[in-house]
Amino acid sequence: MAEALAPRATPFARIARLRLSFDAIVLAASAAVIGYLVVTPIAFLLISSFRRYQLDGSIGFVFTLDNYADTFLNPEIPTAAFNSIVYALGGTVLAIVFGTALAWVVERTNTPFRGAYMLLAAATYFVPGVLMAISWNALAHVRIGSLNRLLQNVIPVTEGPFDVNSLLGMIWVFGTHLYPIVFLIMAAAFRAMDPALEEAAALCGAGLWSGLRTITLAVSRPAIVSALLIVFVRGLESFDVPLILGLPGKINVLTTEIFATAQLHHPPELGISATLGLVLLVVSIGGVWIYRSATARALAFATISGKGYRPNRLDLGRQRYAVAAACLLFFFVTLVLPLIQVVWLSLFPFVRQFSLDALSRASFAQYAYVLGYGAILDAFRNSLLNAAAVAAIIVVITSIAAWITVRSRAPARWLLDALAFAPIGIPGPIMGVSVLLVYLTLPIPLYGTIFIITVAHVTLFLPYGMRLASDALLRIHPQLEEASALSGASWLHTYRAILLPLILPGSVAAFITIFAASFRELSSALFLASPQSRFVSVVMYSTWQDGNATAAAALGIVMLVVVLTLALSARLLARFVRVPG
Amino acid sequence: METKPRSLIRGLAILAAVIIAGAACGGSPGGTATQTSGPTATAVATKPATLDEAVESKKLYDAAVVAKETEVNWYGTVNEEEAKPLLDIWSKQFPTIKPNYIRASETSLMSRVLTEEQAGKHNFDVLSSTSAHLLTPAGLALQYTPPNAIAVDPDYKDKAGYWIGLYANWNTIQINTEKVKKGEIKSYEDLANPKWKGQIAIDSTDYDWYAGLVSVRGQQAADGLIKSIVATAGVKLVDGHGNLSDALVAGQYAIALNQFLNQAERAKRQGAPTEWIAIEPVVVQLGKMAVSKSAPHPNAAKLLFNFLISTDAQKYFTSRGRITSRIDVPNDPPNLVTGLKKIAPAPLVDPELTKIAAQFKALFK
């Protein structure tokens, strides 16, 4: 009896066994890498939150609850926390609305010029936060903002109407700067959408909006939750925009209030920032829990199944021109306008307001200075290579890790997901110190090299890769893998032949997001940089901090030109060079 | 699936390959500092005590050469653009020793030095920043008086010999000359005027200036003054003296309640509509430097320390609008601060520093 059944049972039994053993190995390996990268900074975060420097002829520490007292008993904290939540929520709502709408237009409709929108959105994300904040300050400062002065000619006010040094102003700058993350995540989701679902909705009499709501957005829930989580936590930990725009308006958020508290001590007590890091850690772990509950019915989001489909686009008819006009207006306001202001700033040795009179004194001296800066080429090379390496490493690791957390039944998968997302809450300086400490202690010769920054960035940006890879996997119906396994393919073969090609749009989105994030990253790079590992973001920040905002503006423009040229050449090259395989 | 993304990745990969690969090493820690005495009038270039700079410097250089030291690690807050010409002067004088300059903010330099030294990694030779004196309580500073120290203003060096002033930050009022008439502001009291509502700003961490004001006027009077300015005109907080100057020049503010003289001077020399006003005695806060007790290049470290207060280096700093810490090097222009009474308070350390900082924060809340 048993023997008679054996031939039928064997294929399934083999698959099950194979999977199990492979799960075990892959889980162990990727959990080891992620654990190694993430556990150390978290442990360091915990330890530093309980200790303070004690300098009495040597470097010592005392263990204390003072950091917690300074944070949680600080009477300014409730207001700061309220402002932080309003700021992060407001910015997230803006980013989700803009990013999702734009992604839908680009991926699901026949709107003209849609190819350019992706590039423009990515370009926006590449503008460093400091520069965006400086630019909006120059545009919309209540007294001297160029936009305000322009409008004051038309409407009868002496101040305003815009005030960038307000919570609303800060939300605007944050939301219009970070929406590209949402855009990239949602575009990857919409690209994998099976139009049959939308068509079915239309057949049932659903209008455009109700089809969008009940089908398109519902099926993209993993992506929306991912985008929401990432942008919200980014809002909570956002520092440069609140510092530049909020401080003069006396709008304190958690990060600036805690920074100010840590600054009261000499040497600055990192432990005070660590307490905020722990709060963000709890928020991010809660976020992962929400993500996992929201996507628990995994099959509901699988739009890619064994059934063939061809992506087609919604014909908007004449309205497509109106949509294109709206998109172009959006890019004009959120990207072109701030850039015009930045270019204007870069033409003078010190900050000047728009005027014809000033124009006669404009020069490219700041560009000459920036380009003549000894190590600027090295800095560009370091920044670009590091960003590419960071993005590539993360995309590979997280595509494996996400398979485990989404597909396998491994008991530790929830923990792996949480671990890989946790770094989003770790403040950059904490990451800097902990990575420094690790490589000063371990006999791994990374200290003083560019690679130490690569390690820090891989850890910092794991969450982006993890969320995007999970979204991509949730879109793929497991029946494809099962079919492959039934045909006798090994897991690795299935992974290479089936999964990788299907998650590619997600991987590209992850690559671009991480590349840009690493290229811009400042606080850990600032901490780990050495003369041989200069980074563009660090050079720009130092230039700005030293009171040379106009040179920083010139560098920002050069940086954008370089990145856009690279992106365009990559596209062109891809057209002409065909690699076999 | 669509092939576009894949070919995009390929393109990126090809591009990455085209850009020559490269990576590098280096890295080390840094510090912070300040100082005091009664108000003293600044002397015009005085004769230095007998010192043959070239001979002394040659001795130090020879020692470094004999010890086969080929590098020196300088951690500092001076921006790279300003440090570069200085390093060029160094390389001309001491061609066999390569200077590695690590620039970061005061706070990250200090955290970095403490982390490195705590892990037993001795990487910095010299640290320069306004808080370099804090290396002493951490047991990291070497007690060392270089030959050139003899020409440094006695107000500007540590009596115990752990640190020396590299340059002096003079705390002044900065104004936008398009918004403030000449002679309109002659004292801090003139700022307590509703006319300046919303037009005054200050760096959010100007603790040393505040401590100096307290030491000159007493706690009550100093606090009373600040309170009256805050109550009548309001004072906005800005992060960084450079940004403050930028914003003021742009017209965002009319007055910086406090600003480093060299920041105002630099903007002014670029043609910006700005001027600084000294309120005597001017509180002076020092950019200081210290040598590491466990310097990886001990001889080169002393050479660099001595070099930074050499006539050549100090002349260079004055050409950038900074105020020299030497008594025999003229400022640029020579009469920049001539005759002005100054006070250089002893650098603050904890717990006083934290107390002062908290008071400052509360006053400008």
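Within each chain, residues carry numbers counting from 1 in the order of the written sequence. Each chain takes a letter, starting from A, and each ligand takes a number, starting from 1, following the order in which they are written. Local features in this predicted model are restricted to residues of pLDDT 70 or higher, and side-chain atom pairs are both shown and tallied only at a pLDDT of 80 or more, whereas totals for entire chains, interfaces and linings draw on every residue. Hydrogens and water are ignored here; the side-chain numbers use all heavy atoms of the structure.

(A) Highlighting the overall build of chain A. Secondary structure elements are taken from DSSP: a helix is a run of H or I of four residues or more, a strand is a run of E of two residues or more, and numbering for both begins at the N terminus. Secondary structure assignment for chain A yields 25 helices and 2 strands. Taken against the 2.2 N^0.38 rule, which gives 25 Å for 581 residues, the C-alpha radius of gyration of chain A at 25 Å falls within 12% of a compact globule. Seen through its C-alpha atoms, chain A measures out along the principal axes to roughly 95 × 75 × 50 Å. When a residue's accessible area, from a 1.4 Å probe over protein chains only, is under 20% of the maximum for its type it is buried; when over 50% it is exposed; and in between it is partly exposed. For chain A, the residues scored as buried account for 61% of the 581 residues in total. Contacts are residue-level and defined by heavy atoms, with any inter-residue pair within 4.5 Å sufficient. Within chain A, contacts between residues separated by at least 24 positions form 78% of all contacts whose residues are at least 6 apart in sequence. All accessible areas in this document rest on Shrake-Rupley with a 1.4 Å probe, and a residue is counted as covered only by the protein chains that are shown. Put simply, chain A shows about 22800 Å² of open surface, and 71% of that area lies on carbon and sulfur atoms. Only four residue types enter the tally: Lys and Arg on the positive side, Asp and Glu on the negative side; His and the chain ends are excluded. Just so you know, the charge point we use is NZ for Lys, CZ for Arg, CG for Asp and CD for Glu. Side-chain charges in chain A split into 36 positive and 25 negative, and the spacing between the mean points of these groups amounts to 11 Å. Here the radius of gyration uses the C-alpha set of atoms, whereas the globule reference equals 2.2 Å times the residue count to the power 0.38.

(B) Inspection of the overall build of chain B at higher detail. In terms of helices and strands, chain B carries 11 helices and 12 strands. Classification of the 365 residues of chain B by burial places 59% in the buried group. Within the structure as shown, chain B displays about 13400 Å² of accessible surface, and the carbon and sulfur contribution to it stands at 57%.

(C) View of a nonpolar patch on the surface. Patch rule: a residue counts if its relative accessible area is over 30% and it has no salt bridge; like charges are joined within 9 Å, and nonpolar side chains (Val, Leu, Ile, Met, Phe, Trp, Tyr) within 5 Å. We define a salt bridge as a contact between a side-chain nitrogen of Lys or Arg and a carboxyl oxygen of Asp or Glu at a distance within 4 Å. Judged by side-chain polarity, A:L46, A:I47, A:F50, A:F63 and A:L65 come together as a nonpolar surface patch covering roughly 500 Å² of accessible area. Tracing the chain through its elements places A:L65 in the loop between strand 2 (59-63) and helix 2 (66-72).

(D) Molecular detail of the packing of helix 9 (residues 208-219) of chain A against helix 10 (residues 221-237) of chain A. All names here are of chain A. Between N-to-C directions, angles cover 0 to 180 degrees, with each direction set by a line fitted to C-alpha atoms, over the stretch in contact for helices. In the contact formed by helix 9 and helix 10, the axes pass within 5 Å of each other and the chain directions differ by 65 degrees. With respect to helix 10, the element helix 9 is oriented roughly perpendicular. Residues L217, A218 and V219 of helix 9 form the contact with helix 10, whose participating residues are R221, P222 and I224. When residue character is reported, Ala, Val, Leu, Ile, Met, Phe, Trp, Tyr, Cys and Pro are called nonpolar, Asp, Glu, Lys and Arg charged, and the others, Gly included, polar. Class assignment of the residues belonging to the contact of helix 9 with helix 10 gives a composition of 5 nonpolar, no polar and 1 charged. Here is the rule for angles: anything less than 35 degrees is roughly parallel, anything more than 145 is roughly antiparallel, 65 through 115 is roughly perpendicular, and the remaining ranges are oblique.

(E) Local environment of the packing of aromatic side chains. Residues and elements named next belong to chain B. Pairing of aromatic rings covers Phe, Tyr and the six-membered ring of Trp, with a centre-to-centre limit of 6.5 Å; geometry is then stacked below 30 degrees between planes, edge-to-face above 60, and tilted otherwise. According to the stated counting rule, one finds 33 aromatic pairs over all chains in the structure shown. Between Y207 and F360 the ring centres are 5.4 Å apart and the planes differ by 80 degrees, which places this aromatic pair in the edge-to-face class. Highlighted residues: Y207 in helix 5 (residues 207-217) and F360 in helix 11 (residues 352-363), separated in sequence by 153 residues. Both residues of the pair, Y207 and F360, count as buried.

(F) Geometry of the interface of chain A and chain B. Contact with chain A, which involves 81 residues of that partner, is made by 86 residues of chain B. Both sides of the chain A and chain B interface together cover about 7400 Å² of buried area, and 62% of this is carbon and sulfur. Taken together, the links from chain A to chain B amount to 2 salt bridges. Between B:K365 and A:E76 there is a salt bridge whose closest N-O contact spans 3.4 Å. Counted as a polar contact is a pair of N or O atoms within 3.5 Å, where, for protein atoms, one must be capable of donating a hydrogen and the other of accepting one, and residues adjacent in sequence contribute only when both atoms are in side chains. The interface formed by chain A and chain B contains 14 residue pairs in polar contact (both at pLDDT 80 or more). By residue class, the composition of the side of chain A that touches chain B is 49 nonpolar, 21 polar and 11 charged. Two parts placed together each lose some accessible area under a 1.4 Å probe, and adding up what both lose gives the buried area.

(G) Region of the structure containing helix 6 (residues 219-232) of chain B. Residue and element names in this part refer to chain B. The end-to-end C-alpha distance of helix 6 is 20 Å, a good match for the 20 Å that 14 residues give at a rise of 1.5 Å each. Those residues of helix 6 that sit buried are A222, D223, L225, I226 and I229. Axial view of helix 6: buried residues confined to an arc of 155 degrees, hence all on one face. For helix 6, exposure combined with an orientation more than 90 degrees from the buried face picks out Q220, K227 and A231. On the buried face of helix 6, the contacting elements are strand 6 (200-203), helix 5, strand 8 (255-260) and helix 11. Within two residues after helix 6, G234 carries a phi angle of roughly 75 degrees, on the positive side. Here the expected length of a helix is defined as 1.5 Å per residue gap, with one fewer gap than residues. The arc under discussion is defined with respect to the helix axis, by the directions toward the C-beta atoms.

(H) Inspection of the packing of helix 3 (residues 80-93) of chain B against helix 10 (residues 311-319) of chain B at higher detail. All names here are of chain B. Where helix 3 contacts helix 10, the axes come no closer than 11 Å and their chain directions differ by 155 degrees. By the angle between their directions, the pair helix 3 and helix 10 is classed as roughly antiparallel. At the point where helix 3 passes helix 10, the crossing takes the right-handed sense. Listed contacts from helix 10 to E81, E82, P85, L86, I89 and Q93 of helix 3 are D312, A313, Y316 and F317. Residues that form the contact of helix 3 with helix 10 fall into these classes: 6 nonpolar, 1 polar and 3 charged. Note on convention: near helix rotated counterclockwise from far helix by under a right angle means a left-handed crossing. Clockwise means right-handed.

(I) Spatial organisation of the side chain of B:T324. Residues and elements named next belong to chain B. Here T324 lies in strand 11 (residues 323-324). Classification of T324 by relative accessible area gives buried; the value is 5%. At 2.8 Å, the side chain of T324 forms a polar contact with the side chain of Q314. In contact with T324, not counting residues within four places along its chain, are Y156, Q314, T318, V329 and N331.

(J) A look at the confidence of the model for chain B. All names here are of chain B. Each residue carries a pLDDT score, the predictor's own confidence in it, on a scale running from 0 to 100. In the predicted model, chain B carries a mean pLDDT of 86, and the fraction of residues at 70 or more is 86%. At the low end of the mean pLDDT range in chain B sits helix 1 (residues 4-18), at 52; at the high end sits helix 9 (residues 298-308), at 97. Contacts for the low-pLDDT stretch residues 1-5, under 50 throughout, to residues beyond four places or in other chains number 8 contacts. Within the model, the stretch residues 18-37 combines pLDDT values under 50 with 114 contacts to residues more than four positions away or in other chains. Per the prediction output, this complex has pTM 0.84; the corresponding ipTM is 0.79.

(K) Highlighting the pattern of salt bridges. Residues and elements named next belong to chain B. The full count for this structure, using the stated rule, is 22 salt bridges over all chains. E116 serves as the salt-bridge partner of R112, at 3.5 Å between the closest nitrogen and oxygen. Taken together, the residues R112 and E116, both in helix 4 (residues 106-118) and 4 residues apart, mark about one turn of the helix. Each member of the pair, R112 together with E116, is buried.

(L) Quick peek at the nonpolar core. By size, the foremost hydrophobic cluster in this structure holds 253 residues, and its most contacted members are A:I34, A:F183, B:V126, B:L135, B:W170 and B:L308. Residue contributions to this core peak at 17 residues, all from helix 7 (residues 167-191) of chain A. As used here, the term nonpolar core means buried Ala, Val, Leu, Ile, Met, Phe, Trp, Tyr and Cys residues forming a set that is joined through side-chain atoms within 4.5 Å. In terms of nonpolar packing, the next biggest core, distinct from the first, is built from 37 residues, B:A211, B:I255, B:L348 and B:I356 among them.

(M) Summary view of the pairing of strand 10 (residues 282-291) of chain B. Among the 10 residues in strand 10 of chain B, 10 count as buried, and that is most of the element. Residues B:V282, B:V284, B:L286, B:K288 and B:A290 of strand 10 of chain B are buried on one face, and the alternating residues B:V283, B:Q285, B:G287, B:M289 and B:V291, pointing to the opposite face, are buried as well.

(N) Structural view of helix 10 of chain B. All names here are of chain B. Listed in full, the buried residues belonging to helix 10 are T311, A313, Q314, Y316, F317 and T318. In the core, the buried residues of helix 10 are packed alongside helix 2 (53-66), helix 3, strand 5 (164-176), helix 8 (261-269), helix 9 and strand 11. Of the residues trailing helix 10, G321 is marked for its positive phi of about 85 degrees.

(O) Representation of the environment of B:P333. All names here are of chain B. Assignment of secondary structure puts P333 in the loop between strand 11 and strand 12 (341-343). With a relative accessible area of 33%, P333 lands in the partly exposed category. Along the sequence, P333 and S319 sit 14 residues apart, while their C-alpha atoms lie 8.6 Å from each other.

(P) Representation of unusual backbone geometry in the model. Omega for the bond connecting B:E280 with B:P281 falls within 30 degrees of zero, at -10 degrees, which places this linkage in the cis form. For B:P281, the location among the structural elements is in the loop between strand 9 (274-277) and strand 10. With omega at -5 degrees, the peptide bond leading from B:D332 into B:P333 counts as cis. Backbone geometry at A:F113 places phi at a positive 65 degrees, although glycine is not the residue there. Although it is not a glycine, B:K68 sits at a positive phi angle of roughly 60 degrees. Looking at where B:K68 falls in the secondary structure, it is placed in the loop between helix 2 and strand 2 (71-76). Given a relative accessible area of 71%, B:K68 falls into the exposed group.

(Q) Here's a closer look at the environment of A:F515. Residue and element names in this part refer to chain A. With respect to the helices and strands, the residue F515 is situated in helix 22 (residues 491-520). Using a relative accessible area of 14% as the deciding quantity, one classes F515 as buried. Between the alpha carbons of F515 and A391 there is a distance of 5.3 Å; along the sequence they are 124 residues apart. Discounting residues that sit within four places of it in the chain, F515 has contacts with F126, L384, A387, A388 and A391.

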